[in-house]
Amino acid sequence: MTDNRESIYDKIYKIVRQIPEGKVSTYGRIAEIVGGKTGARMVGYALNHAHLDETIPAHRVVNRNGLLTGKAHFHPPELMQQLLENEGFVVENDKIMNFEENLWPEI
DNA sequence: ACAATGACTCCTC
DNA sequence: TGAGGAGCCATTG
């Protein structure tokens, strides 16, 4: 927010935007990439503001279980699952089944 | 400055 | 196996 370096949100947005199509990532993973003291909660908090930016594929970010925890914040909530399924993901019971195979970044 | 909240994660029962 | 509580960092009132 302040002019101090890039806010953690800026970093998080950058990372999320770098997620290639057909891939997904987790909050904790992004937090690790961002480094610093940023925690998984901050990633989710940042994405909460991200919904204002269409360039941020927030639907590709799920919790470590692959569960669509943030689907309720979409317009409509089903949009998240739709987008994921549209990219070739198998979403069942609000959970991505093959997210581990398409997890990003590649370890 | 303090307390409360949140799209998380981990540990324990 | 499933449910509950604590820890975690940053933002907001």
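Residues numbered from 1 in each chain as written. Chains lettered and ligands numbered in written order. Predicted model: local features only at pLDDT ≥ 70, side-chain atom pairs only at ≥ 80, totals over all residues. Heavy atoms only, no water.

**Some words on the overall build of chain A**
Thought 1: The number of helices and strands found in chain A is four helices and four strands.
Thought 2: The order of α-helices and β-strands along chain A, N terminus first, is α-β-α-α-β-α-β-β.
Thought 3: In terms of C-alpha radius of gyration, chain A reaches 13 Å, essentially the compact-globule figure of 13 Å for 107 residues.
Thought 4: Overall, chain A is about 40 × 30 × 20 Å in size when its C-alpha atoms are taken along their principal axes.
Thought 5: When burial is assessed residue by residue, chain A has 39% of its 107 residues classed as buried.
Thought 6: Within chain A, contacts between residues separated by at least 24 positions form 64% of all contacts whose residues are at least 6 apart in sequence. (Helix = DSSP H or I, 4+ residues; strand = E, 2+ residues; numbered from the N terminus. Rg over C-alpha atoms; globule rule 2.2 N^0.38 Å. Buried < 20%, exposed > 50% of the residue type's maximum accessible area, 1.4 Å probe, protein only. Contact = heavy atoms within 4.5 Å.)

**Some thoughts on unusual backbone geometry**
Thought 1: The linkage connecting His75 with the following residue, Pro76, adopts the cis geometry, with an omega of -10°.
Thought 2: Mapping Pro76 onto the fold places it in the loop between β2 (61–62) and α4 (78–86).
Thought 3: Pro105 follows Trp104 through a cis peptide bond whose omega is 0°.
Thought 4: Following the sequence through the fold, Pro105 ends up in the segment after β4 (95–96).
Thought 5: Of note, the phi angle at Asn93 is positive, near 60°, even though the residue is not glycine.

**Regarding the protein's contact with DNA strand B**
Thought 1: Taken together, 16 residues lie near DNA strand B, and Tyr27, Arg41, Met42, Asn63 and Arg64 sit nearest.
Thought 2: Side-chain polar atom of Tyr27 to a base nitrogen of DNA strand B: 2.7 Å apart, as the coordinates give it.
Thought 3: A distance of 3.0 Å is found between a base nitrogen of DNA strand B and a backbone nitrogen or oxygen belonging to Leu47.
Thought 4: For the surface near DNA strand B, the secondary-structure elements that each account for two or more residues are α2 (27–34) and α3 (40–50).
Thought 5: No other element matches the seven residues that α3 contributes to the surface near DNA strand B.
Thought 6: Tallied by class, residues from the surface near DNA strand B come to seven nonpolar, seven polar and two charged. (Near = heavy atom within 4 Å. Polar contact = N/O pair within 3.5 Å; in protein donor to acceptor, adjacent residues only side chain to side chain. Nonpolar A, V, L, I, M, F, W, Y, C, P; charged D, E, K, R; others polar.)

**Some words on the pattern of salt bridges**
Thought 1: Summed over all chains, the structure comprises four salt bridges.
Thought 2: Between Glu106 and Lys23 there is a salt bridge, with the nearest N and O atoms lying 3.9 Å from each other. With Glu106 in the segment after β4 and Lys23 in the loop between α1 (8–17) and β1 (25–26), this pair connects stretches of sequence that are 83 residues apart.
Thought 3: The class for Glu106 is exposed, based on a relative accessible area of 65%. (Salt bridge = Lys/Arg side-chain N within 4 Å of Asp/Glu carboxyl O.)

**Some details on the environment of Asn102**
Thought 1: Turning to its location among the elements, Asn102 is positioned in the segment after β4.
Thought 2: Spatially, the C-alpha atoms of Asn102 and Pro20 are 9.9 Å apart, while their sequence positions differ by 82 residues.
Thought 3: Ignoring any residue separated from it by four or fewer positions in sequence, one finds Asn102 in contact with Gly22, Lys23, Val24 and Phe89.
Thought 4: Reaching out from Asn102, the side chain makes a polar contact with the backbone oxygen of Asn98 at a distance of 3.1 Å.

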